[in-house]
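# Residue-level structural notes
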Amino acid sequence: MIIAVDGPAASGKGTVARALALHFMLPYLDTGLLYRATGLQCLRHGGDPSNEAEAKAATGFSDAMMDDLEIRSEAASRAASVVSAHPAVRQALLERQVDFATQPGGAVLDGRDIGTVIAPHAEAKLFVTASPETRAKRRFAQLVGEGSKVAYDHVLTDILARDERDSSRSAAPLKRADDAALLETDDLNVQQSIAAAIALVGGVSPR
Ligand SMILES: Nc1ncnc2c1ncn2[C@@H]1O[C@H](COP(=O)(O)OP(=O)(O)O)[C@@H](O)[C@H]1O
Ligand SMILES: Nc1ccn([C@@H]2O[C@H](COP(=O)(O)OP(=O)(O)O)[C@@H](O)[C@H]2O)c(=O)n1
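For clarity, every value in this text was computed on a predicted model and none was experimentally measured.

Counting buried positions over the five residues of strand 3 (residues 107-111) gives five, a clear majority of the element. Side chains Ala107, Leu109 and Gly111 project from strand 3 onto one buried face, and the interleaved Val108 and Asp110 project onto a second face that is buried too. When strand 1 (residues 2-6) meets strand 3, the two strands line up parallel, connected through five bridges. Its bridge partner being in strand 3, isoleucine 2 is matched across the sheet by alanine 107. Bridge count for strand 2 (residues 28-30) against strand 3 is three bridges, and the pairing is parallel. Opposite tyrosine 28, over in strand 3, you have valine 108 as the bridge partner.

The following block contains the structure:
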């Protein structure tokens, strides 16, 4: 079974996707890491994330980059959202994601375009969301917990800017697939979100 989990920044899609992978015993890929690694590599090489050729060159990052602690930084988040708007970057990262999704036995992937582009035939699709303020509070708490010195207002501004960029780009914009179940997590805690996701996926009939 392929499970596609999409949604905006800090909606809880990674939390839900990891729990689904554990529950259904499937391998899991956080596709945001691929765009974050590209953005970070571009910055480290002195490139401009808004330049398509320089961003595409950065898709040749080494796997170790995905374990780099800086990948979760605000700078890497912003760079990821900028490089991800380039069709050449999305194309360069496509095969790796499709191969992961179509491996025997299935997989869980989370991102922005899993249900629409990477795995349009996924058996189960979830679109996880919450208000920008809820998401900013969660990301703020997460960053503070990791020792970052960030201001809440800055996190909210960053989330709103990423929402706008991710939704308005022409290449694979953030968009709920027509057949994706909506999971609104504003009024749910982590355990409740996970339980709701498992119930939604458990209720789908095989294609
Ligand atoms: N339903 C929820 N209620 C409260 N906090 C949550 C919920 N889901 C996720 N979180 C927390 O919010 C933060 C962002 O969640 P994460 O799953 O990384 O989001 P995303 O993958 O969408 O960016 C994490 O610290 C996570 O523990
Ligand atoms: N499948 C994906 C995953 C991420 N991305 C981009 O990569 C950025 C970082 O993704 P992420 O999932 O790690 O970010 P969070 O939602 O965890 O904050 C997003 O803002 C998107 O611009 C994308 O375009 N397509």
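Another aspect to go through is the sheet that holds strand 2. If you trace the five strands from one edge of the open sheet to the other, you get 2-3-1-4-5, paired in parallel fashion. This sheet does not close on itself; its edge strands, each paired only once, are strand 2 and strand 5 (181-184). Neighbour-to-neighbour, the strand axes of the sheet open up by a mean angle of 20°, direction not taken into account. Contacts between helix 5 (residues 87-101) and the sheet are confined to strand 1, strand 2 and strand 3, with strand 3 contributing the most and set at about 145° to the helix. Helix 9 (residues 190-202) contacts strand 1, strand 4 (124-129) and strand 5 of the sheet and is inclined by roughly 170° relative to strand 5.

Time to look at the domain arrangement of the protein. According to the domain assignment, the protein contains domain 1 (1-12 + 115-202) and domain 2 (28-102). On a C-alpha basis, the centres of domain 1 and domain 2 stand 18 Å from each other. With 16 residues of domain 1 at the contact, the number on the domain 2 side is 15 residues. Between domain 1 and domain 2, roughly 1,300 Å² of surface is buried when both sides are summed, and carbon and sulfur atoms account for 55% of that area. Of all residues in domain 1, Ile118, Arg165 and Arg169 bury the most surface against domain 2, accounting for 37% of the area lost on that side.

What follows concerns the side chain of arginine 162. Take arginine 162: it is sitting in helix 8 (residues 152-168). Apart from the residues lying within four places of it in its own chain, the contact partners of arginine 162 are Ala9, Arg36, Ser77, Ser81, Arg112 and Arg139.

On to the pattern of salt bridges, then. Per the stated rule, a full pass over the model turns up eleven salt bridges. The salt bridge involving arginine 72 is made with aspartate 30; its shortest N-O contact spans 3.1 Å. Note that arginine 72 is positioned in the loop between helix 3 (52-57) and helix 4 (74-83) and aspartate 30 in strand 2, a separation of 42 residues in sequence. Given a relative accessible area of 33%, arginine 72 falls into the partly exposed group. Note that aspartate 179 and lysine 125 form a salt bridge whose closest N and O atoms lie 3.0 Å from each other. Pair noted here: aspartate 179 is in the loop between helix 8 and strand 5 and lysine 125 is in strand 4, with a separation of 54 residues, a long-range link. On the basis of relative accessibility, which here comes to 42%, the residue aspartate 179 falls in the partly exposed class. Each member of the salt-bridge network shares a partner with another, and the members are Arg44, Asp68 and Glu70.

What counts and how
Residues numbered from 1 in each chain as written. Chains lettered and ligands numbered in written order. Predicted model: local features only at pLDDT ≥ 70, side-chain atom pairs only at ≥ 80, totals over all residues. Heavy atoms only, no water. Buried < 20%, exposed > 50% of the residue type's maximum accessible area, 1.4 Å probe, protein only. Helix = DSSP H or I, 4+ residues; strand = E, 2+ residues; numbered from the N terminus. Pairing = 2+ DSSP bridges. Axes fitted to C-alpha atoms, helices over the stretch in contact; angles between N-to-C directions. Contact = heavy atoms within 4.5 Å. Domains from an automatic or database assignment. Buried area = accessible area lost by both parts, 1.4 Å probe. Salt bridge = Lys/Arg side-chain N within 4 Å of Asp/Glu carboxyl O.

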